[in-house]
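# Fold and geometry: a report
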Amino acid sequence: MAAPDLSALRPRLPSPLQPLADERFTRRGVTLLLKRDDLIHEALPGNKWRKLALNLRAARGRPVLTFGGAYSNHLRAVAAAGRLLGFPTIGVVRGDELAGRPLNPSLAQCAADGMRLVFIDRSTYRHKHEPPTLARILTEARADDSYVVPEGGSNSLAVQGCTDLGRELHDLADVAAIACGTGGSLAGLAAGLAEGQRALGVPVLKGGFLDADIRRLQTEAFGAPTANWRLDDRFHAGGYARTTPALDAFAEDFEQRHGLPVERLYVAKLLHALTTLTEEGAFPPGTRLAAVITGRPGPETAA
Ligand SMILES: *Cc1c(COP(=O)(O)O)cnc(C)c1O
């Protein structure tokens, strides 16, 4: 079977870069630019496209098996790619208590796209990337012939795919900022930037373990970590999918000011971080600050 090729879906690449006039930035002399990765493709938006492209080529049409929680954007992206390009997908979902219950809107979307869902208990899930556990999961899921993409989609090919994001910003921005889950997108973005450009990551999970993960991802993908990025760990609002009244109010206000639907798990935390950092004077006047809009609101937040 031929390798599925995402470029057949006519992605909008390079993604648009749009200036946004917001007084909280302009009064500090900072030019805010939105790097609209959410517009890359209708069904497969954002950094998930960049992370999947080289992996799907490597899968060569075999079923693609991957992992995620009950609201994973990554699972939805893999399922959509399978439907659009005609290859089988298997989603291994954290939490066997979900089996037999009605699917939430995110998993229902995966299933509607033809993804076969397999629910596993949390302790097995925690060890899923250890070879003996992975082998058992593949056998029990009757998926031994699958191409395995790790949770969140971050492996070397994904990180290499995200270097294009950095390259598309050459000469156009001084700082490129992105929300981080696994950090794979930041790892690639930073590696793709030119001399003098810097990347800033805003982790949406609580933990502080991401520095080491990103260095490891860069080492695996490029042989060594790059020194042109940093993380600011203050904006996770309590952890993944957690929020605060202040963050909710910020996101609603941002949507009203600019008419831009703000994805809440990642993009809201990024924009909130950049607004706060700008108010703190973190960026010198004249800075061109590119905020990567990695996704748009998904089915879990749709009305
Ligand atoms: C997956 C995702 C991210 C995080 O990407 P990582 O490479 O895991 O850091 C950021 N934003 C959105 C909208 C996502 O879906």
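Residues numbered from 1 in each chain as written. Predicted model: local features only at pLDDT ≥ 70, side-chain atom pairs only at ≥ 80, totals over all residues. Heavy atoms only, no water.

### Here we look at the domain arrangement of the chain
Worth spelling out the cut-off: In this document the domain limits rely on a domain assignment from an automatic tool or a database. Should any heavy atoms of two residues lie within 4.5 Å, those residues are considered in contact. Computed with a 1.4 Å rolling probe, the buried area is the accessible surface lost when two parts are put together, summed over both parts. The working definition used for a salt bridge is a side-chain nitrogen of Lys or Arg within 4 Å of a carboxyl oxygen of Asp or Glu. Three classes are used, and their members are as follows: Ala, Val, Leu, Ile, Met, Phe, Trp, Tyr, Cys and Pro are nonpolar, Asp, Glu, Lys and Arg are charged, and the others, Gly among them, are polar.
The domain architecture assigned to the chain consists of domain 1 (8–42 + 154–301) and domain 2 (63–145). With centres defined by C-alpha atoms, the gap from domain 1 to domain 2 works out at 27 Å. Each partner contributes to the interface: domain 1 provides eight residues, whereas domain 2 provides eight residues. Of the roughly 630 Å² buried where domain 1 meets domain 2, counting both sides, 71% is carbon and sulfur surface. Taken together, the connections running from domain 1 to domain 2 amount to zero salt bridges. When grouped by side-chain class, the residues that make up the side of domain 1 that touches domain 2 number four nonpolar, two polar and two charged.

### Structural notes on the sheet that holds strand 7 (residues 175–180)
Cut-off, in case you're wondering: Pairing between two strands is assigned when DSSP locates at least 2 bridges connecting them. Strands here mean DSSP runs of E at least two residues long; helices mean DSSP runs of H or I at least four residues long; both are numbered from the N terminus. Axis definition: a line fit to C-alpha positions, over the contact stretch in the case of helices; interaxial angles, taken between N-to-C directions, run 0 to 180 degrees.
Spatially, the six strands line up as an open sheet ordered 1-2-10-7-8-9, and their pairing is mixed. Of all strands in the sheet, those bounded by a partner on one side alone are strand 1 (17–20) and strand 9 (229–231). Each adjacent strand pair in this sheet contributes to an overall mean axis angle of 25°, direction not counted. Sheet topology note: the strand 7/strand 10 (residues 288–292) ladder contains three bridges and is parallel. Counted as the bridge partner of alanine 177 is alanine 291 from strand 10.

### Here's the deal with the side chain of asparagine 228
Operational definition: Summary of the burial criterion: residues with accessible area below 20% of their type's maximum are buried, those above 50% are exposed, and those between are partly exposed, where the area comes from a 1.4 Å probe applied to protein chains only. Within 3.5 Å is the distance limit for a polar contact, defined as a pair of N or O atoms, with the added protein rule that one can donate a hydrogen and the other accept it, and that residues adjacent in sequence qualify only through two side-chain atoms.
With respect to the helices and strands, asparagine 228 occurs in the loop between helix 10 (210–222) and strand 9. The exposure class of asparagine 228 is buried, given its relative accessible area of 14%. Here alanine 190 takes part through its backbone oxygen, which lies 2.8 Å from a polar atom of the side chain of asparagine 228. If we ignore the near neighbours within four places in the chain, the residues touching asparagine 228 are Ala190, Leu193, Gln197, Arg198 and Ala199.

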